[in-house]
Amino acid sequence: MNGEQPKDVEPEDTSFVRPFIITGGRAEPLQSDLRLETLVVAVGTPDESLAFERRHIVAVCAQPTTVAEVAHRVGVPLGVAKVLISDLVVAGQLACRQPAELQLQMLERIRDHVRAL
């Protein structure tokens, strides 16, 4: 062997972080009532002691934002976003409110995004 990798072996992508690492191994959010359309908003400015993803979520939520939009903008799977958002709500960094019912415009946006997949 001359120290080179075989041609059929792909180099490992070291920039990918496994979702369970971001959530500390948890798959279930502390708050089970978070839905895709739940609006979350930051309570104050991001705390500098927060880990990268959590600080990014608080920054994204400077304006009311849906859970689904947070997941998209932060670039994490929806389940990971729910765990992180619920942690931040419990910590007092975010507040959330559930819309009484989905507006037609929101339903159409969801439909269009699902079709785009």
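Residues numbered from 1 in each chain as written. Predicted model: local features only at pLDDT ≥ 70, side-chain atom pairs only at ≥ 80, totals over all residues. Heavy atoms only, no water.

This brings us to the overall build of the protein. Secondary structure assignment for the protein yields five helices and three strands. Going from N to C terminus, the protein has its helices and strands arranged as α-β-α-β-α-α-β-α. For the protein, the proportion of its 117 residues judged to be buried stands at 28%. Long-range pairs, those at least 24 residues apart, make up 71% of the contacts in the protein between residues at least 6 apart in sequence. (Helix = DSSP H or I, 4+ residues; strand = E, 2+ residues; numbered from the N terminus. Buried < 20%, exposed > 50% of the residue type's maximum accessible area, 1.4 Å probe, protein only. Contact = heavy atoms within 4.5 Å.)

Our focus in this paragraph is helix α2 (residues 52–60). Among the residues of α2, those classed as buried are Glu53, Arg54, Ile57, Val58 and Val60. Looking straight down α2, one finds its buried side chains confined to an arc of 160 degrees; they lie on one side. (Arc of directions from axis to C-beta.)

With that settled, consider the pattern of salt bridges. Under the definition given, this model contains three salt bridges. The closest approach of N and O atoms between Glu37 and Arg35, which form a salt bridge, is 2.5 Å. Among the residues examined, Glu37 registers a relative accessible area of 12% and is labelled buried. (Salt bridge = Lys/Arg side-chain N within 4 Å of Asp/Glu carboxyl O.)

In this section: the sheet that holds strand β3 (residues 94–97). Taken in spatial order, the three strands of this open sheet run β2-β1-β3, and their pairing is antiparallel. Only two strands of the sheet have a single partner each, and these edge strands are β2 (65–66) and β3. (Pairing = 2+ DSSP bridges.)

This part takes up the environment of Gln93. Its place among the elements puts Gln93 in the loop between α4 (78–90) and β3. A residue is classified by how much of its surface remains accessible, and Gln93, at 14% relative accessible area, is buried. As a C-alpha pair, Gln93 and Pro46 span 47 residues in sequence and 7.5 Å in three-dimensional space. Leaving out residues up to four positions away in the same chain, Gln93 has contacts with Val41, Ala42, Val43, Thr45, Pro46, Asp47, Leu50, Val58 and Leu88.

Right, let's talk about the pairing of strand β1 (residues 39–42) for a bit. On β1, burial follows the alternation: Val40 and Ala42 on one face are buried, whereas Leu39 and Val41 on the facing-out side are not. Of the strand pairs in this sheet, β1 and β3 are connected by four bridges, and their pairing is antiparallel. Looking at β3, one finds that Leu39 is bridged to Arg97.

Ranked by size, the top nonpolar core spans 20 residues in total, and within it Ile57, Cys61, Val70, Ile85 and Leu94 carry the most contacts. For this core, the secondary-structure elements that each account for two or more residues are β1, α2, α3 (67–74) and α4. Among the elements that make up this core, the one with the highest residue count is α4 (six residues). The contact partners of Ile85, leaving out residues within four places of it in the chain, are Leu34, Val40, Ile57, Val67, Val70 and Leu94. (Core = buried A, V, L, I, M, F, W, Y, C linked by side-chain atoms within 4.5 Å.)

This brings us to the packing of α2 against α3. The geometry of α2 relative to α3 is characterised by a closest axis approach of 10 Å and an angle of 125 degrees between their N-to-C directions. With respect to their mutual orientation, α2 and α3 come out oblique. Every pair of crossing elements has a handedness; the one defined by α2 and α3 is right-handed. For the pair α2 and α3, the contacting residues are His56, Ile57 and Val60 in the first and Val70, Arg73 and Val74 in the second. (Axes fitted to C-alpha atoms, helices over the stretch in contact; angles between N-to-C directions. Parallel < 35°, antiparallel > 145°, perpendicular 65-115°, else oblique. Left-handed = near helix turned anticlockwise from the far one by under 90°.)

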